[in-house]
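Close look at the chain arrangement
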Amino acid sequence: STRHCPCKMSQLPQKSPLASPLSEGVTSRVDSLDNLSMDSFWLEVENIKQSTEAEQEECSLADVKTQEEGEAEAEWLQDAGLSDLIKDHASENDNVVLLSTLTKTQAAAVQRRLDTYSRSRRRKNKHPVRDVRDIFGVVGSGETVEEKEESSPDQLWHNLRTSNVQKQTQDYSCTVRNSGKEEVFNMDVAYSEQAAVLLKGSFLSESRWIKDGNALTKFKIPKGRLGVTRIGDLSAQDMKKIPTLALIELTALCDVLGFELKRNKAAKLKTTEKRLFGVSLNTLLENDQKLLPNTKVPLLLQALLSCLEKRGLETEGILRVSGSQTRIKSLEQKLEKDFYTGLFQWDEVHQNDVSGLLKRFIRELPAPLLTAEYLPAFAAVQNIPDLKQRLQALNLLILILPEPNRNTLKALLEFLSKVVARENHNKMNLWNVSTVMAPNLFMHKGLPSKIPEGKEKQLAEGAADVVRMMIHYQDLLWTVSSFLVAQVRKLNESNSKRYQFCDKRIKNLLRKIHADKDKVEKNQAEPSKVVKVHASLLLKDSLEVHLNNATRVADVLRQFQKNLCQNGWNIVNTVNLLKCNNSTECTNLLLYEVGGNIGEHCLDPDTYLLDLYHINPHAEWIIKQNPSYPRMF
């Protein structure tokens, strides 16, 4: 039966005609869920309806307006950092730097948006924008995209994809689903490049929706010579570059898979007189940071989660069993009054009321936690038949999220994982938790509702499955792909050289890029190297390290600890310096790569340092205390 709710579920983008071959996969996956209970989902919808019936005139987000032709492409280019390409008179320097880092599939995605925007301008009798190929003749691999007057955008895309397939088919044939075994999740090569190869080779597999979380496919990120980079390992300056690159890559991936990536137009938020509920994340964090500098997750959310972790994790039906709406509304008013004064008595609140406050806090955000712009994209992930590619899209979407939203979402997902881990006590398995939380994340009273008739059940199940994936695979999803880190390095290298780019100097630039590449390859032939590692907060002297092909970060930290204990170095402070019987895995010390073509990068213990040196020879290496440990000073 169809359920209705005053809160509107966001519009879910429908696949374009190009995606028709995938329709059967989506339908069969949804059919396989027929026997799974969605009662918790619809019960939560009814609870939301009851809690908002008296507040229908309140709307924290203006309705999203339909964008005119070309407007979506212009906004996309703006968010992708390429807005200068559609200006009549603008500097091309930054655009050329960014474009020079792109792969073929990414470049084709940019070209398609520019072509669409150009056609819309011609229809409006405006001057057409310049073709990106006028100023951009190189892709990430160093190969030129030939400009042909007779080539259509779709033909250009076909040619680029065919070229990728011819070069890389052998590399990815091993990624076909292998039921029951741990699978490799490749982050070294752009997802869109991998998808083009798999699509051409008909390697796309049947997806599996499984209720039992323990039966979900296990993925392993293979550690290359440079290790794995997690969100939080990069400096804030470098992380600012990631969303732009991730948006371009996500768009390229959607193009390969044949469905449109739709985004809502950002709307202006209405102000509120409240201090906690219905307040934007940015405002909450701004206020919280006045009390506790460097706060990354709203203090109210931290308090709600902490209360539930202490007293609610083993409560049967936690999150699913609704508290009293009257009490929850009263508690909200008390929190608005007493939270920052410290007078609110958490011990007196029932656990189910706290879980109700938690869900209410998420729903009452003036913009969805997954953002108004990208909520349709999160919902559309269900249209991708292949599980690995769904996770690739989710990984990119999470990287695109603003930092406050991403940090808040991570805190929530970590808590939900703890709930699932206590399933034997609280009777809330992964699917139960996902169906309860999906309406709170995907329904927002400020977004338009255009759900196709008869699709309510399919969309509800799809939203629950997206939440399930975010909970179960959050460690994978909060990883920064190696290919994105490599693009950040290229951007930093190009910006530091400060070339004066113009059309007539592109060839000279390319010669310089290839010369630098040859120089790096020559350096990589060095069998060993002696470098200095600094630890200014711990030692007055630096550590001299002899690198060879087998030297890892863990080895350097182990050597550092050994010298501290045996050689009596001039130690500034050794309190709590060594923990866990000198085990590197338990140490509170980390090695950072600083400068050169990176801002600051916390290194994976399994990073091979000679390889890293060849990639970034001008960086300094600094040992610092792990910020998650109590400070030593």
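In the block above lies the structure referred to throughout.
Summarised in this report is the structure supplied together with it. (Residues numbered from 1 in each chain as written. Predicted model: local features only at pLDDT ≥ 70, side-chain atom pairs only at ≥ 80, totals over all residues. Heavy atoms only, no water.)

Looking at empty space enclosed by the protein
Per the stated rule, a full pass over the model turns up eight cavities of 30 Å³ or more. Taken as a whole, the largest cavity holds about 110 Å³ of empty space. Forming the boundary of the largest cavity are 15 residues, of which Ser-322, Gln-325, Gly-356, Lys-359 and Arg-363 lie nearest the centre. Of all elements in the fold, only helix 2 (39–52), helix 13 (325–338) and helix 14 (351–363) reach the threshold of two or more residues within the lining of the largest cavity. Here the element with the most residues in the lining of the largest cavity is helix 14; it accounts for six residues. The residue makeup of the lining of the largest cavity, split by class, is three nonpolar, eight polar and four charged. Looking at which domains feed residues into the lining of the largest cavity, each of domain 1 (47–125) and domain 2 (281–447 + 456–479) supplies at least three. (1 Å grid on protein atoms, 1.4 Å probe; cavity = no way out; pocket = protein on both sides within 12 Å on 5 of 7 lines; lining within 4 Å. Points joined across faces, edges and corners; volume = space filled by probe spheres on them. Helix = DSSP H or I, 4+ residues; strand = E, 2+ residues; numbered from the N terminus. Nonpolar A, V, L, I, M, F, W, Y, C, P; charged D, E, K, R; others polar. Domains from an automatic or database assignment.)

Quick look at the packing of helix 13 against helix 14
The geometry of helix 13 relative to helix 14 is characterised by a closest axis approach of 10 Å and an angle of 70 degrees between their N-to-C directions. The angle between helix 13 and helix 14 places the two elements in the roughly perpendicular class. For the crossing formed where helix 13 meets helix 14, the hand is right-handed. Between helix 13 and helix 14, the residues in contact are Arg-327, Ile-328, Lys-329, Leu-331, Glu-332 and Leu-335 and Asp-353, Gly-356, Leu-357 and Arg-360, respectively. (Axes fitted to C-alpha atoms, helices over the stretch in contact; angles between N-to-C directions. Parallel < 35°, antiparallel > 145°, perpendicular 65-115°, else oblique. Left-handed = near helix turned anticlockwise from the far one by under 90°. Contact = heavy atoms within 4.5 Å.)

So, the nonpolar core
Formed by 129 residues in total, the largest nonpolar core has its most connected members in Leu-319, Phe-378 and Phe-442. When residues of this core are assigned to their parent elements, the largest contribution, 10 residues, is made by helix 10 (residues 242–257). Both domains that meet at this core, namely domain 1 (47–125) and domain 2 (281–447 + 456–479), each give it at least three residues. Those residues in contact with Leu-319 that lie beyond four places of it in its chain are Glu-44, Ser-355, Leu-358, Lys-359, Phe-415, Leu-416, Val-419, Met-428, Val-433, Val-436 and Met-437. (Core = buried A, V, L, I, M, F, W, Y, C linked by side-chain atoms within 4.5 Å. Buried < 20%, exposed > 50% of the residue type's maximum accessible area, 1.4 Å probe, protein only.)

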